Amino acid sequence: TSRHLNSDFISNESKYSEEEEDKIMLRERTKKLLTLLTETQSRSIALIGHKGYLRELERGPLGHADADLFANCEVRVYRLVLN
């Protein structure tokens, strides 16, 4: 059987911006994640995301400008020291 979205979900779509996110906006969003990470008390986290977002996180706030492209289902481990 297939599942269909209910009308409540569809009617709430208008709250989302129809503007496409460009690379600058994406990079700003990755900076916000880094800010959230500095505020957490957790010692370990798992971050699962789209390769485009993770690539911008690596090449932007994490400072790995020459990072390799992600392979399908790739796992990367980082140790961050945040102030």
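Heads up: the structure comes first, above all this text.
Residues numbered from 1 in each chain as written. Predicted model: local features only at pLDDT ≥ 70, side-chain atom pairs only at ≥ 80, totals over all residues. Heavy atoms only, no water.

How would you explain helix H2 (residues 23–39) if you had to name every residue and give the values?
Over its 17 residues, H2 extends 25 Å from the first C-alpha to the last, a length consistent with the 24 Å expected when each residue adds 1.5 Å. If you check which residues of H2 are buried, you get Leu 26, Thr 30, Leu 33, Leu 34 and Leu 37. All buried residues of H2 project into a common sector of 100 degrees when viewed along the axis, lining one side. Exposed residues pointing more than 90 degrees away from the buried face of H2 are listed as Ile 24, Lys 32, Leu 36 and Glu 39. The inward-facing, buried residues of H2 contact helix H3 (51–59). With a side-chain oxygen positioned 3.2 Å from the backbone nitrogen of Ile 24, the residue opening H2 is Asp 22. (Helix = DSSP H or I, 4+ residues; strand = E, 2+ residues; numbered from the N terminus. Expected span 1.5 Å × (residues − 1). Buried < 20%, exposed > 50% of the residue type's maximum accessible area, 1.4 Å probe, protein only. Arc of directions from axis to C-beta. Contact = heavy atoms within 4.5 Å. Polar contact = N/O pair within 3.5 Å; in protein donor to acceptor, adjacent residues only side chain to side chain.)

Tell me about a nonpolar patch on the surface, residues and numbers included.
On the surface, a cluster of nonpolar side chains totalling about 250 Å² of accessible area is made up of Tyr 78, Leu 80 and Leu 82. Within the secondary structure layout, Leu 80 lies in the segment after H3. Its relative accessible area of 39% is what places Leu 80 among the partly exposed residues. (Patch = residues over 30% accessible without salt bridge, like charges linked within 9 Å, V, L, I, M, F, W, Y side chains within 5 Å. Areas by Shrake-Rupley, 256 points an atom, 1.4 Å probe, with all protein chains shown as cover. Salt bridge = Lys/Arg side-chain N within 4 Å of Asp/Glu carboxyl O.)

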